[in-house]
Structure formats: C-alpha cells, structure tokens
Amino acid sequence: MSSAAETVENASIISENTAHDGNRLWIGNIDPKITEYHLIKLLERFGQVKQFDFLFHKSGPLEGQPRGYCFVNFSTREEAERAIQCLNGKLALSKKLVVRWAHAQVAGSLCWLVEMLGRWFLRGMSADVDCCSSGCPILFSCLSSIHMIVSCSCPDINKRHT
C-alpha cells in the first residue's frame, strides 16, 4: 500500500504548493464564449490578480477550446473571499459560475482517488488498519469516511487527523 500512500501524499503536497497561501480559487462552469481577457478584467474588480491559469484542451476534437474552468490567485485572502461572495452562482452569459477555494476541489478529488485505491488495496483486510505508517492524514480521513478504517494507532490522533 505504500505506493498508493505515496501518491496521495505527493498529491497533497502539490495541492498545498498550488494553494499559494490560501488565495487560490477555482472558477468553473465558464461559458465557452467568455475569453481570458474578459475573465481577467472581471476578476481584477475584486483585487490584484497575481496569477491566472485559463485551461484549454490539449488534444482531441476539442483541442484549443477552453476547458470551462480556470484558477486565479489573488494578493490577499480578503480579495479572494470577496470574489467568491460576489461571483459564485452569478450568471455569466448562459451559465452560472461556480467559484470555490482551489484546494477544496483538489481534496475532494483526492478522497475519491483514495477511496478507489483503498477499496482495491484493503480488500479482505481487517477494519483496524494502521493508517499512520504512511504519515498521511488525508488517507485516514478519506478511508475512515467510507468506514474502511475504524481506528488508528496514532498516539496523537487529534493533532494529525483533523
């Protein structure tokens, strides 16, 4: 199971690095007619945009077209919070925008990945699995949420698994 734990641990490190001090947002459900330029102009109303990643399909029949989501980093958390409050659920052309903290979306995806990997690796094992051997609190929280881990041998469970 160490390879699955290492994968999850590496993914959580990536999500921490891309969070950029908690000011990174994920914006989804973007109408394909909205351009990068228009999105940046819209986002600049809420504060200084430090980084903007507008993603496009790299291959296939939609190659070169927008993926329908982007990531933005603001200078301060307050600017990012203001953007969430003002833009989430607002109609932009034909679609309602979805604006969330970027790391929240990544964590949800990690839980799904861990659940799938956990079901495969832990098939037939006892419910009392030592989740701390990998040192990965994400592994514990995801697997315990689907009742694959019911206890943990970690001596300081409240600090490590929140």
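Residues numbered from 1 in each chain as written. Predicted model: local features only at pLDDT ≥ 70, side-chain atom pairs only at ≥ 80, totals over all residues. Heavy atoms only, no water.

1. So, the overall build of the chain
- Secondary structure summary: the chain contains six helices and six strands in total.
- Along the chain, helices and strands appear, N-terminal first, in the series α-β-α-β-β-α-β-β-β-α-α-α. (Helix = DSSP H or I, 4+ residues; strand = E, 2+ residues; numbered from the N terminus.)

2. Here's the deal with the confidence of the model for the chain
- In the predicted model, the chain carries a mean pLDDT of 72, and the fraction of residues at 70 or more is 51%.
- Contacts of residues 126–135 to residues separated by more than four positions or lying in other chains number 25 contacts, the stretch itself having pLDDT below 50. (pLDDT = per-residue confidence, 0-100. Contact = heavy atoms within 4.5 Å.)

3. Some points on helix α3 (residues 77–87)
- Within the span of α3, buried status applies to E79, A80, A83, I84 and L87. With its buried residues spanning 140° around the axis, α3 presents them on a single face. Exposed and oriented more than 90 degrees from the buried face of α3 are E78 and Q85.
- Buried-residue contacts for α3 involve β1 (24–28), α2 (36–43), β3 (66–74) and β6 (98–101). (Buried < 20%, exposed > 50% of the residue type's maximum accessible area, 1.4 Å probe, protein only. Arc of directions from axis to C-beta.)

4. Points about the pattern of salt bridges
- As enumerated under the stated definition, the model contains three salt bridges in all.
- A salt bridge links E44 to K41; the shortest N-O distance between them is 3.6 Å.
- Classification of E44 by relative accessible area gives partly exposed; the value is 41%.
- Taking the relative accessible area as the measure of exposure, K41 reaches 42% and is therefore partly exposed.
- Between R77 and E81 there is a salt bridge, and its shortest N-O distance comes to 3.4 Å. One end of the pair is R77 and the other is E81, both in helix α3 and four residues apart, which spans about a single turn.
- Given a relative accessible area of 36%, R77 falls into the partly exposed group.
- Exposure remark for E81: the relative accessible area of 33% places this residue in the partly exposed category. (Salt bridge = Lys/Arg side-chain N within 4 Å of Asp/Glu carboxyl O.)

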